[in-house]
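Descriptive structure summary
These are the residues of each chain, in order.
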Amino acid sequence: MKRYKIKQWLILAMLTLITGVCLIGWQTQGMAQSSPSQPAVTLSTSQLTLAEVGTGIYALVADTDFPNDQPNAAVCNGGIIIGDDGVLVIDPFQTKGLGDLLLNTVKTLTDKPIRYVLNTHFHFDHTGGNSAAVAQGIPIIGRGPIRQFMLEKNLEYDPNPQLPSIIMNENGSIWLGNRQVILETAEGHTMGTDLLAYIPDAKVMFTGDILFNKRFPYITDGNIRQWQKTLITLKKDYNDVKFVPGHGPITDSRGLDSLKTYLDKLETLAMTWKEKKIPEEQAINSASKIPDAYKDYKFQALYGSNLKAAYQQITLGN
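None of these values were measured; they are calculated from a predicted model. (Residues numbered from 1 in each chain as written. Predicted model: local features only at pLDDT ≥ 70, side-chain atom pairs only at ≥ 80, totals over all residues. Heavy atoms only, no water.)

**Considering the overall build of the protein**
The test is simple: Secondary structure elements follow DSSP: runs of H or I of four or more residues count as helices, runs of E of two or more count as strands, with numbering from the N terminus. A 1.4 Å probe and the Shrake-Rupley method give the accessible areas. Residues count as covered only by the protein chains that appear here.
Helix and strand counts for the protein come out as nine helices and 14 strands. Total accessible area on the protein stands at roughly 13600 Å², and carbon and sulfur atoms take up 51% of it.

**Some thoughts on the pattern of salt bridges**
This is how the line gets drawn: A pairing counts as a salt bridge when a side-chain nitrogen of Lys or Arg comes within 4 Å of a carboxyl oxygen of Asp or Glu. Residue exposure (1.4 Å probe, protein chains only): buried if accessible area is under 20% of the type maximum, exposed if over 50%, otherwise partly exposed.
The final tally for this structure, using the stated rule, is twelve salt bridges. The closest approach of N and O atoms between K236 and D237, which form a salt bridge, is 3.7 Å. On the basis of relative accessible area, K236 is assigned to the exposed category, the value being 68%. By sharing partners, the salt bridges in this structure join D63, R215 and K298 into a single network.

**Concerning the packing of aromatic side chains**
The criterion, for reference: Paired rings are identified among Phe, Tyr and Trp, the last through its six-membered ring, by centres lying within 6.5 Å, and are further divided according to the angle between planes into stacked (under 30 degrees), edge-to-face (over 60) and tilted (the rest). Cation placement over rings: the criterion is NZ of Lys or CZ of Arg within 6 Å of the ring centroid and within 35° of the ring normal.
Throughout the structure, instances matching the rule amount to 13 aromatic pairs. When the ring of F124 is compared with that of Y157, the centres are 4.3 Å apart and the planes differ by 10 degrees; the resulting orientation is stacked. On the criterion of sequence distance, the pair formed by F124 in helix α3 (residues 124-127) and Y157 in the loop between α5 (146-153) and β9 (166-168) is long-range, its members being 33 residues apart. Each ring, one from Y262 and one from Y294, has its centre 5.4 Å from the other, and the planes form 80 degrees; the classification is edge-to-face. In this pair, Y262 sits in helix α7 (residues 253-276) while Y294 sits in the loop between α8 (280-286) and α9 (303-315), placing the two residues 32 residues apart along the sequence. Judged by its relative accessible area of 6%, Y294 is buried. Among the aromatic residues, ring-to-ring pairing joins F216, Y262, Y294, Y297 and Y303 into one connected group. Above the ring of F149, the side-chain terminus of K153 is found at 5.8 Å from the ring centroid. Cation over ring: R215 sits above F299, and NZ or CZ is 5.9 Å from the ring centre.

**Remarks on the sheet that holds strand β11 (residues 179-185)**
Just so we agree on the cut-off: At least two DSSP bridges between two strands are required for those strands to pair. To get an axis, fit a line to the C-alpha atoms, keeping to the stretch in contact for a helix; angles then go from 0 to 180 degrees between the N-to-C directions. Residue contacts follow a heavy-atom distance rule, with two residues in contact if any of their heavy atoms lie within 4.5 Å.
In space, the five strands of this open sheet follow the order β10-β11-β12-β13-β14, with mixed pairing throughout. Sheet topology places β10 (172-176) and β14 (242-247) at the edges, where each strand pairs with a single neighbour. Across this sheet, the average inter-strand angle for adjacent strands is 25 degrees, counted without regard to direction. In this structure, strand β13 (residues 204-212) lies alongside β14, joined through five bridges in parallel fashion. Opposite G208, over in β14, you have P245 as the bridge partner. Lying on the sheet, helix α6 (residues 224-237) is in contact with β12 (195-199) and β13; it crosses β13 at an angle near 160 degrees. The sheet strands contacting α7 are β13 and β14, and the helix crosses β13 at an angle near 15 degrees.

Fair warning: the whole summary comes from geometry, so function is off the table for now.
In structure tokens:
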């Protein structure tokens, strides 16, 4: 992974200006399961690390647990893709302030205009910052029923959702000058709103929440068996790619393997409950202890809801 070359004073000035918080300093953090560490900037309230994933490709990686009591702390990862004549920004977090942080971070990296903001799916922690893009007149891209789901499902957390104005329903490309960004539909995490962003010249993919790395995934709005198939396809087609997940550290194909293994274990557990005709409450209580293999994962609050989702989807076949 390339060493981050932006001058410290420039990042310090810009991020302090746009967030009104102090930096807790330069830290060395490993950004992938097997990659070397690099200098990074972390914000005290947003807990974000800015990392260069490829030439002109950056990720703001969140280290926040969920749930948390810090409204200014980003939960998901954001992305910046710089081309010859413009920029694509990915997932502007859950508030306008965090969205402004992401858009203004672009200004510390390039003077090229932001052409689009991409929502990888409808969940509020990825779309609540859309208001920052709307305020700057930047069009937002989404997929399928994303507008409907944002209005139906996000209002508790985002009472005035700013909806994507460009809707795609099949694979396509965005060209930032000579740089191609391939947008691919994916299934499993949400009900037809998931998009992947792949940059072929750099072999980098932003997966949105199709990939959680070192985090328990959110399964309630998804389909476990569709998700398993998607992970198999990604491993087959993109085995040598660097992945920026929706949540968790940057990884390679081993991140796909880890999530697939977790979903496989959930499926096996749910099939056992089905074969033994174990009632739902009893089944979930019997598996309520988090296995040692996942004791260091964040988002542990989702573990129980994932058991329930597995029961509903596989044990009952709903």
